[in-house]
Amino acid sequence: MGLVSDLKTLYHVAFAPVKGTSHQARLESFYSGQADAYDDFRKRLLHGREEMMRWLPLAPGMRMLDMGGGTGSNIESLGDRLSAMQSVTIVDLCGPLLETAKARITARGWTNVDTAHTDVTVYEPAYGCNVDVVTFSYSLTMIPDWFRALQQAWRLLKPGGLIGVVDFYIARKWPTSGMKAHSWLQRLCWPAWFASDNVYLSWDHIPWLQAHFEPVVLEERLGKVPYMLGLKAPHYIFIGRKPLQ
Ligand SMILES: C[S@@+](CC[C@H](N)C(=O)[O-])C[C@H]1O[C@@H](n2cnc3c(N)ncnc32)[C@H](O)[C@@H]1O
């Protein structure tokens, strides 16, 4: 972690123009200048990723897809459980981040981890709809058709398969019983602030997940945003199971 590296990342997050006429081109334009500094800065911004990965009730031999997996840093959180997995595929549309993921795979000598450079809304592994675990770590808010990404994950998962999601969000104006409420200022400011980086906070992710999966874990939290004078943005962790039928 260094100030120069942070300043470079902040420039790309706050000022660098994002160019491109397709989603992939815009992602690559946004990340290409900060791919090397990505992990260090996001460690302080993207809270709850390690817990989500740690809390997944994994079993040996499972096949996992990390959708919008970027640099693959979340795979590190699997720790000793990784070697017992049958396969882990990091699926992402952004070439520069996947290059970092590939370098990590080689450096760690992970033989059961690979990458797929494609859109998660249409990705299908060669082994078909036989996936045990799908994760989305801070990717749903960057996927314009996030509901298609979730529909695809649901389709690919085996009955009883697991989904793990961690992401920014915003509460509904009238949250259902037991759910957290956010002030009108939070509900107004955070979506506008994140949207400038093409990150779209939604109040519909959690209800969608609850409607399609049996909840195992749901936590709604706040996490500090670096260089924002202690301000905290809302994020959630959801782990769920696809019903057996
Ligand atoms: C904020 S980053 C999170 C990366 C990683 N999951 C993490 O936790 O550090 C969002 C990721 O979603 C990817 N992404 C956005 N839209 C995508 C799509 N339609 N298909 C695949 N990846 C996508 C981006 O390229 C980026 O790597």
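Criteria and cut-off values
- Residues numbered from 1 in each chain as written.
- Predicted model: local features only at pLDDT ≥ 70, side-chain atom pairs only at ≥ 80, totals over all residues.
- Near = placed C-beta within 6 Å.
- Helix = DSSP H or I, 4+ residues; strand = E, 2+ residues; numbered from the N terminus.
- Nonpolar A, V, L, I, M, F, W, Y, C, P; charged D, E, K, R; others polar.
- Contact = placed C-beta atoms within 7 Å.
- Pairing = 2+ DSSP bridges.
- Axes fitted to C-alpha atoms, helices over the stretch in contact; angles between N-to-C directions.

Caption draft 1: Layout of the site of the ligand. Neighbouring the ligand are 23 residues; Gly68, Gly70, Cys94, Ser137 and Ser139 lie closest to it. Broken down by secondary-structure element, the contributors of at least two residues to the shell around the ligand are α2 (23-32), α5 (73-76) and β2 (87-92). Across the shell around the ligand, the residue classes tally to ten nonpolar, nine polar and four charged.

Caption draft 2: Geometry of the environment of Asp66. As for its placement among the helices and strands, Asp66 is situated in strand β1 (residues 63-67). In sequence terms Asp66 and Leu244 are 178 residues apart; their C-alpha atoms lie 22 Å from each other. Setting aside residues up to four positions removed in sequence, Asp66 forms contacts with Asn74, Ile75, Val88, Ile90, Val91 and Thr135.

Caption draft 3: Quick peek at the sheet that holds β1. Spatial ordering of the open sheet is given by β3-β2-β1-β4-β5-β7-β6, a layout of seven strands whose pairing is mixed. Edge positions in the open sheet fall to β3 (113-117) and β6 (214-224), since each of these has one partner strand only. Pairs of neighbouring strands in the sheet enclose a mean axial angle of 15 degrees, with direction left out of account. Sitting on the sheet, helix α9 (residues 205-212) is in contact with β5 (157-168), β6 and β7 (232-241), with an inclination near 10 degrees to β7.

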